[in-house]
Amino acid sequence: PKEWLESLSTLITQSSQVWLRCTGHQVIMLWGNTGSGKTTLLHYIAGSTLKEIARDKFDVDHGHEALSDFLVGHDLTSQTRSLAGFMLDGFFLVDSAGQSDTRGHEIDISTAVAHQNVSKLAKSLRIVVVISCASFNGDRHGRLRDIAAAAGRLVSN
């Protein structure tokens, strides 16, 4: 359907603005499932102050002006729909939607396209896999296997 294709096109366009900025830089890209804490970790690295408002829920005082658009989700609800990135201490840090995002296949497809382009354009790429303790429960580690398989596909290309 038309809305789905328009959404996919918009997400790829938004991500392309970030992957083009990765060109020639040393890139650190965070990977993980939706709700694993990727965006929260980026805030912490950049010096944001995290204020716990409830058990495992945080508000953020931005430590780096580039992070004002990096929204932190709660209750395994992702706020990240496309790549987001910023420079810090000579590295380009990249956040992306979670693997197997819960909001639609267009997000998964655009994220895969974005990851491929970052891997091709970056001077070097380091992938940091963020794993929530919740990943160890329930699905017999299926989400961990999914992340490992996705990382393997990226590295092999």
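The notes below deal with the structure included here.

Procedures and definitions
- Residues numbered from 1 in each chain as written.
- Predicted model: local features only at pLDDT ≥ 70, side-chain atom pairs only at ≥ 80, totals over all residues.
- Heavy atoms only, no water.
- Buried < 20%, exposed > 50% of the residue type's maximum accessible area, 1.4 Å probe, protein only.
- Helix = DSSP H or I, 4+ residues; strand = E, 2+ residues; numbered from the N terminus.
- Pairing = 2+ DSSP bridges.
- Salt bridge = Lys/Arg side-chain N within 4 Å of Asp/Glu carboxyl O.
- Polar contact = N/O pair within 3.5 Å; in protein donor to acceptor, adjacent residues only side chain to side chain.
- Contact = heavy atoms within 4.5 Å.

Most of strand β4 (residues 84-88) sits inside the fold, with four of its five residues counted as buried. Two elements, β4 and strand β5 (residues 91-95), share five bridges in a ladder whose sense is antiparallel. Considered in β5, the bridge of L88 is made with F91.

Below, the discussion takes up the pattern of salt bridges. Taken as a whole, this structure holds one salt bridge when the rule is applied. In this structure, K2 engages E6 in a salt bridge whose closest nitrogen and oxygen atoms are separated by 4.0 Å. Note that K2 and E6 are positioned in helix α1 (residues 2-21) at a spacing of four residues, about one turn of the helix. Relative accessible area serves as the criterion here: at 60%, K2 is assigned to the exposed category. Of the residues examined, E6 reaches a relative accessible area of 43% and is grouped as partly exposed.

For the rest of this paragraph, the subject is the side chain of S82. Mapped onto the secondary structure, S82 falls in the loop between β3 (57-61) and β4. Exposure remark for S82: the relative accessible area of 13% places this residue in the buried category. Within the structure, S82 has its side chain in polar contact with the side chain of Q14 (distance 3.4 Å). Residues contacting S82, with those up to four places away along its chain left out, are L11, Q14, S15, D95 and S96.

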